[in-house]
Amino acid sequence: DITERLRTQHALEFSQERLRALSRRLLEVQEQERRRLARDLHDDVGQALTALKIQLESRSRVEECVETVSHTLERVRQLSLSLRPPQLDDLGLGAALRSHLDRQAALASLAPHFEAPETPREIPAHVETACFRIAQEAINNVVRHARARNLWLRLFASGARLELSVRDDGGGFDVAAARRRAAAGASLGLAGMEERVALAGGSFELRSAPGQGTVLLASFPLEPREKPQAA
Ligand SMILES: Nc1ncnc2c1ncn2[C@@H]1O[C@H](COP(=O)(O)OP(=O)(O)OP(=O)(O)O)[C@@H](O)[C@H]1O
Ligand SMILES: [Mg+2]
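Residues numbered from 1 in each chain as written. Chains lettered and ligands numbered in written order. Predicted model: local features only at pLDDT ≥ 70, side-chain atom pairs only at ≥ 80, totals over all residues. Heavy atoms only, no water.

Focus: the pattern of salt bridges
Where charged atoms of side chains with opposite charge meet at close range, the side chains can pair. For the record, the criterion: A side-chain nitrogen of Lys or Arg and a carboxyl oxygen of Asp or Glu constitute a salt bridge if their distance falls within 4 Å. Numbered from the N terminus, helices here are DSSP runs of H or I no shorter than four residues, and strands are runs of E no shorter than two. Exposure is judged per residue with a 1.4 Å probe applied to protein chains only, and the accessible area is read against the type maximum: over 50% gives exposed, under 20% gives buried, and values in between give partly exposed.
This model, assessed by the stated rule, comprises 12 salt bridges. Here glutamate 115 makes a salt bridge to arginine 154, at a shortest N to O gap of 2.6 Å. Placement of the pair is glutamate 115 in strand 1 (residues 111–115) and arginine 154 in strand 2 (residues 150–158), with a sequence separation of 39 residues. For arginine 154, a relative accessible area of 28% puts it in the partly exposed group.

A few points about the packing of aromatic side chains
Note the threshold: To pair, rings of Phe, Tyr and Trp, with the six-membered ring standing in for Trp, must have centres within 6.5 Å; the planes then decide the type, stacked if under 30 degrees apart, edge-to-face if over 60, and tilted in the middle. The criterion is that NZ of a Lys, or CZ of an Arg, lies within 6 Å of the ring centre and within 35 degrees of the ring normal, and then a charge sits over that ring.
Applying the stated criterion to the full structure yields 0 aromatic pairs. Note that arginine 154 overlies the ring of phenylalanine 156, its terminal NZ or CZ placed 4.2 Å from the centroid. In this arrangement the basic side chain of arginine 167 is found over the ring face of tryptophan 152, its NZ or CZ atom lying 4.0 Å from the centre.

Structural notes on the nonpolar core
The test is simple: Working definition of a nonpolar core: buried Ala, Val, Leu, Ile, Met, Phe, Trp, Tyr and Cys residues. They are joined through side-chain atoms within 4.5 Å. Residue contacts follow a heavy-atom distance rule, with two residues in contact if any of their heavy atoms lie within 4.5 Å.
In terms of nonpolar packing, the biggest core is built from 38 residues, with Leu93, Leu97, Leu153, Leu162, Leu164 and Phe220 touching the most fellow members. Residue assignment for this core shows that the elements contributing at least two residues are helix 4 (93–107), helix 5 (125–146), strand 2, strand 3 (161–168), helix 6 (175–183), helix 7 (189–199), strand 4 (203–208) and strand 5 (214–221). Excluding anything up to four places from it in sequence, phenylalanine 220 contacts Val127, Ala130, Cys131, Ile134, Ala160, Arg161, Leu162, Val197, Ala200 and Gly202.

Some thoughts on the pairing of strand 3
Defined as follows: Here a strand pair is declared whenever DSSP counts at least two bridges between the two strands.
Along strand 3, 6 of the 8 residues are buried, which leaves the element largely enclosed by surrounding structure. Bridging between strand 2 and strand 3 involves 8 bridges; their strand directions are antiparallel. Opposite phenylalanine 156, over in strand 3, you have glutamate 163 as the bridge partner. Between strand 2 and the antiparallel strand that follows it, strand 3, lie 2 residues; glycine 159 among them carries a positive phi value of about 60 degrees. When strand 3 meets strand 5, the two strands line up antiparallel, connected through 8 bridges. From the neighbouring strand, serine 165 faces strand 5, where its bridge partner is leucine 217.

Points about helix 2 (residues 62–83)
In an α-helix, one full turn covers 3.6 residues, which means residues spaced three or four apart are oriented alike. The condition that has to hold: For a helix, the expected span equals 1.5 Å multiplied by the residue count minus one.
Taking 1.5 Å as the rise per residue, helix 2 with 22 residues should run 32 Å; its terminal C-alpha atoms sit 32 Å apart, in good agreement. Looking only at helix 2, the buried set comprises Cys65, Thr68, Thr72, Leu79 and Leu81. On its buried side, helix 2 packs onto helix 1 (2–57), helix 3 (86–90) and helix 4.

With respect to the sheet that holds strand 2
Put simply, the rule is: Lines are fitted to the C-alpha atoms to define the axes, a helix being fitted only along its stretch in contact, and any angle between axes, read from their N-to-C directions, falls within 0 to 180 degrees.
Strand order in the open sheet formed by 5 strands is 1-2-3-5-4, with mixed pairing between adjacent strands. Two strands bound the open sheet, and with one partner strand each, they are strand 1 and strand 4. For this sheet, the mean inter-axis angle between neighbouring strands, taken without regard to orientation, is 10 degrees. The sheet contact formed by strand 4 and strand 5 spans 6 bridges and is antiparallel. Bridged to glutamate 205 within strand 5 is leucine 217. Along the sheet, helix 4 contacts strand 1, strand 2 and strand 3; its crossing angle with strand 1, the most-contacted strand, is approximately 170 degrees.

If you want it as C-alpha cells, here you go:
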C-alpha cells in the first residue's frame, strides 16, 4: 500500500544521503592527505634540492653536497614510509605496527609498549590496511595532543575478530565535545578512523576523560575461510 511504499522510499533516500555524505568525507580525507604530502614534498625535498643546486652552482665542497643529498634521501625515505610502509606488505601487520610505534615514540620521547600475542597469520588485506591506518592516526593523536609518557599498542585475535587497542597515559580529553567539533568539520582524524572501521565492518570505541589518558579500541571481523562445498 501507499504508506508502506512511502516509507521504503524514505529509507532509500536516507541511506543514499548517508552514502553521499560518506563519500564526500572520504574525498576530503584523501584531499587532506594529498595536501600534507604536497607540503612535505615542497618544504623538505624541494628545499633540500634547491640548496643542493645553489651549492653546486657555487662549486661548494663535494662533502657538503653529499651531506645535502643524504639528508634529502632520508626525507624521501620517511615520506615513502609514511605513505605505505613496506613492512605491511613484506612482514605483515604486527611487524609494521611495531616498527611504526617504535619510530614515532622515539621521535616524541615516549616509551612504547608493544604487545601482540598470537595474531592470526592470515589477515585480509583490507583489514590490515584499515587497522594500520587507524593505529597510525591514533599514535599521531597521542604524539600531538596527549602529553603522555607511555604509549601502549596491543594487537590480538579474539575468536573470529582482530582487536586493536592504543592507550596512552596523557591528559585525556572530552570525547563528546571533540566528536561534535569533528562533525562540524574542525578535524578529520576521528571521523576518518570511524569510517575506516565501519567500511571494514568493525566497531570502534574511544574512552577518555580529562586527566585520565585515552584508550582506543577497534575490532574487526576476520572473514571465515571459504569452506569446501559439501558433496
Ligand atoms: N590521545 C589523545 N589525547 C588527548 N587528546 C586527544 C587524543 N586524541 C584526540 N584528542 C583530541 O581530539 C581532537 C580531535 O582529534 P582528531 O584526530 O579528529 O583531530 P586533530 O588530530 O586535531 O586533527 P587531524 O584532522 O589532523 O587529525 C584533537 O584535536 C584533540 O583535542
Ligand atoms: Mg588527529
